[in-house]
Amino acid sequence: MKTIAVIPARYASTRFPAKLMQDLGGKTVILRTYEAAKNTQLFDDVFVVTDSDLIFQEIVSNGGKAIMSIKEHESGSDRIAEAVQHLDVDVVVNVQGDEPFINAEPLSQLIEVFKNDTGKKVDLASLMREITDINDINNPNNVKVVVDQTNCALYFSRSVIPYPREQNVGVRYFQHIGIYAFRKQALLDFYSLPMKSLEASEKLEQLRYLEFGKRIKMVETTHVGIGIDTIEDLEKARKMIG
């Protein structure tokens, strides 16, 4: 089973433009993320996929592998699908470009899903973590997921799911952590399928997979990524690098 990591890397960012090219202890954020993905030794190959000549050159000039996006894309899945469509690969892991402090364990757990799925019934694997604070549960920026008895996703929503009409029935609430592993074919299918009403309403691309019958296996984790979304996050990261 050939497994690669793909790091989508847009230059523009609404909250923090050009964040991936910021200096982090003598290297750019995107280069540190690329090197961290390589250093996990989980992948047969690692690629950065970008719409930016600057980011492309940053990776290539430092001995890395990068792919230029040809088209404009609405979602990360679209960008990755275009990049991998001609690559000989079985499983593609999406690594966030703004998370230079990669934790190998949850990525390894996602890969294990496919190693154990001998019947090839799982199309995607992703992460979830339990949340108990009522503010976290109610926050629409925290995407929630409900699963069946085999931990396959039933639905994702920005709303509170399940709705707590009955108290004290042992419901657990899970926040979706947006790190994915895909079978290559699931990505290619996504690329050719139209956006339907559920995805359009919630603005959650993973709903397209569910609407078209794909199986998403959820892996519970306690992992919380350290992303760089603001200047303050960058300052914290610089202190961690030392």
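Residues numbered from 1 in each chain as written. Predicted model: local features only at pLDDT ≥ 70, side-chain atom pairs only at ≥ 80, totals over all residues. Heavy atoms only, no water.

**Comments concerning the overall build of the chain**
Part 1: Looking only at helices and strands, one finds nine helices and 11 strands in the chain.
Part 2: Its C-alpha radius of gyration of 18 Å places the chain within 12% of the 18 Å reference for a compact globule of 242 residues.
Part 3: With the principal axes as the frame, the chain shows a C-alpha extent of 55 × 40 × 30 Å.
Part 4: Split into buried and exposed, the 242 residues of the chain put 47% on the buried side.
Part 5: Within the chain, contacts between residues separated by at least 24 positions form 68% of all contacts whose residues are at least 6 apart in sequence.
Part 6: As displayed, the chain has an accessible area near 12,400 Å², and 47% of this comes from carbon and sulfur atoms. (Helix = DSSP H or I, 4+ residues; strand = E, 2+ residues; numbered from the N terminus. Rg over C-alpha atoms; globule rule 2.2 N^0.38 Å. Buried < 20%, exposed > 50% of the residue type's maximum accessible area, 1.4 Å probe, protein only. Contact = heavy atoms within 4.5 Å. Areas by Shrake-Rupley, 256 points an atom, 1.4 Å probe, with all protein chains shown as cover.)

**What about the packing of helix α3 (residues 76-84) against helix α6 (residues 184-192)?**
When two helices pack together, you describe them by how their axes are tilted relative to each other and by the distance separating the axes.
Part 1: In the contact formed by α3 and α6, the axes pass within 9 Å of each other and the chain directions differ by 115°. Crossing hand, α3 versus α6: left-handed. In this structure, α3 contributes S77, D78, I80, A81, E82 and V84 to the contact, and α6 contributes K184, L187, L188, F190 and Y191.
Part 2: Residue composition of the contact of α3 with α6, by class: seven nonpolar, one polar and three charged. (Axes fitted to C-alpha atoms, helices over the stretch in contact; angles between N-to-C directions. Left-handed = near helix turned anticlockwise from the far one by under 90°. Nonpolar A, V, L, I, M, F, W, Y, C, P; charged D, E, K, R; others polar.)

**Description of the pattern of salt bridges**
Part 1: In this structure the tally under the stated criterion is 11 salt bridges.
Part 2: Across the salt bridge formed by K19 and D98, the nearest N and O atoms sit 2.8 Å from each other. With a gap of 79 residues between them, K19 in the loop between β1 (3-9) and β2 (23-24) and D98 in the loop between β6 (91-94) and α4 (104-116) connect regions that are remote in the sequence.
Part 3: The residue K27 makes a salt bridge to E35 at a minimum N-O spacing of 2.8 Å.
Part 4: Here the salt bridges share partners, and the residues they tie into one network are K19, D98 and D229. (Salt bridge = Lys/Arg side-chain N within 4 Å of Asp/Glu carboxyl O.)

**Focus on helix α1 (residues 29-39)**
Since one α-helical turn is 3.6 residues long, residues separated by three or four positions face the same way.
Part 1: Along α1, eight of the 11 residues are buried, which leaves the element largely enclosed by surrounding structure.
Part 2: In this structure, the buried side of α1 is in contact with β1, β2, β3 (27-28), β4 (45-50), α2 (53-60) and α9 (231-241).
Part 3: Of the residues flanking the end of α1, it is Q41, one or two places downstream, whose phi is positive at about 60°.

**What to know about the packing of α1 against α2**
Part 1: Remark: α1 packs on α2, axes separated minimally by 10 Å, with the N-to-C direction vectors making an angle of 45°. When the axes of α1 and α2 are compared, the pair comes out oblique. In this structure, α1 meets α2 at a crossing whose hand is right-handed. Seen from α1, the contacting residues are I30, L31 and Y34; seen from α2, they are I55, E58 and I59. (Parallel < 35°, antiparallel > 145°, perpendicular 65-115°, else oblique.)

**Concerning the side chain of T33**
Part 1: For T33, the position within the fold is in helix α1.
Part 2: On the basis of relative accessibility, which here comes to 0%, the residue T33 falls in the buried class.
Part 3: Among the polar contacts listed, one links the side chain of T33 to the backbone oxygen of G97, at a separation of 3.0 Å.
Part 4: Leave out the neighbours within four places in its chain, and T33 touches I7, V95, Q96, G97, E99, P100 and I102. (Polar contact = N/O pair within 3.5 Å; in protein donor to acceptor, adjacent residues only side chain to side chain.)

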